[in-house]
Amino acid sequence: QVQLVESGGGLVQAGGSLRLSCAASGRTFSSYAMGWFRQAPGKERAFVAAVARNGGNTNRADSVKGRFTISRDNTKNTVYLQMSGLKPEDTAVYYCAASESAGIATRWDGYNYWGQGTQVTVSS
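Residues numbered from 1 in each chain as written. Predicted model: local features only at pLDDT ≥ 70, side-chain atom pairs only at ≥ 80, totals over all residues. Heavy atoms only, no water.

A few words on the pattern of salt bridges. Here the structure, examined in full by the defined rule, presents four salt bridges. Between R67 and D90 there is a salt bridge, and its shortest N-O distance comes to 2.7 Å. Of the two residues, R67 is situated in the loop between β6 (58–60) and β7 (68–73) and D90 in the loop between β8 (78–83) and β9 (92–99); the sequence distance between them amounts to 23 residues. Considered together, R67 and D90 belong to a single accessibility category, that of buried residues. Residue R107 is joined to D109 by a salt bridge in which the shortest nitrogen-to-oxygen separation is 2.8 Å. A single network of salt bridges, built from pairs that share partners, joins R38, R67 and D90. (Salt bridge = Lys/Arg side-chain N within 4 Å of Asp/Glu carboxyl O. Helix = DSSP H or I, 4+ residues; strand = E, 2+ residues; numbered from the N terminus. Buried < 20%, exposed > 50% of the residue type's maximum accessible area, 1.4 Å probe, protein only.)

Structure below.
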């Protein structure tokens with residue numbers, strides 16, 4: 001089992017940047033593919049980005065390509081989401097998740113463990 005704690009959320013103006021971090025504890029971090037999801041009020045939880053166990057492969061939602069980058073540091077048991085060019089529609093609670101699957105899952109049910117979420121608010 002793994003415990004996940006997100007940080008780095010906040011209020012930012014449109015066009016600004018934020019970096020989210022997700023610190024993991026418990027089982028070996030490199031055993032998990034990691035993902036970021038977000039959920040806006042009244043909407044379903046949506047895939048944002050994911051990274052493979054060794055960091056070699058990544059996947060991002062079309063809506064964030066060219067603006068968001070996911071990365072991980074297995075020596076620090078941490079996964080990051082660098083967000084730039086933020087838009088008001090990026091406003092949501094952002095969740096970190098860990099997957100025991102071998103590949104990179106883009107559906108929420110492909111993930112086994114979740115953090116508590118961190119709020120990102122982008123003002124226009």
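Once you've had a look at it, read on.
Moving residue by residue along a regular strand, the side chains alternate between the two faces of the sheet. The element strand β4 (residues 33–39) is largely enclosed, with a buried count of six among its seven residues. The pairing of β4 with strand β5 (residues 46–51) spans five bridges and is antiparallel. Paired with M34 across the two strands is V51, which belongs to β5. (Pairing = 2+ DSSP bridges.)

On to the state of the cysteines, then. Throughout the structure, instances matching the rule amount to one disulfide. Two residues share a disulfide in this structure: C22 and C96, whose sulfurs sit 2.1 Å from each other. Disulfide C22 to C96: torsion about the S-S bond roughly -75 degrees, handedness left-handed. Of this pair, C22 sits in strand β3 (residues 18–26) while C96 sits in strand β9; the two residues are 74 residues apart in sequence, bridging distant segments of the chain. Overall, C96 belongs to the buried group, its relative accessible area being 0%. (Disulfide = S-S within 2.5 Å.)

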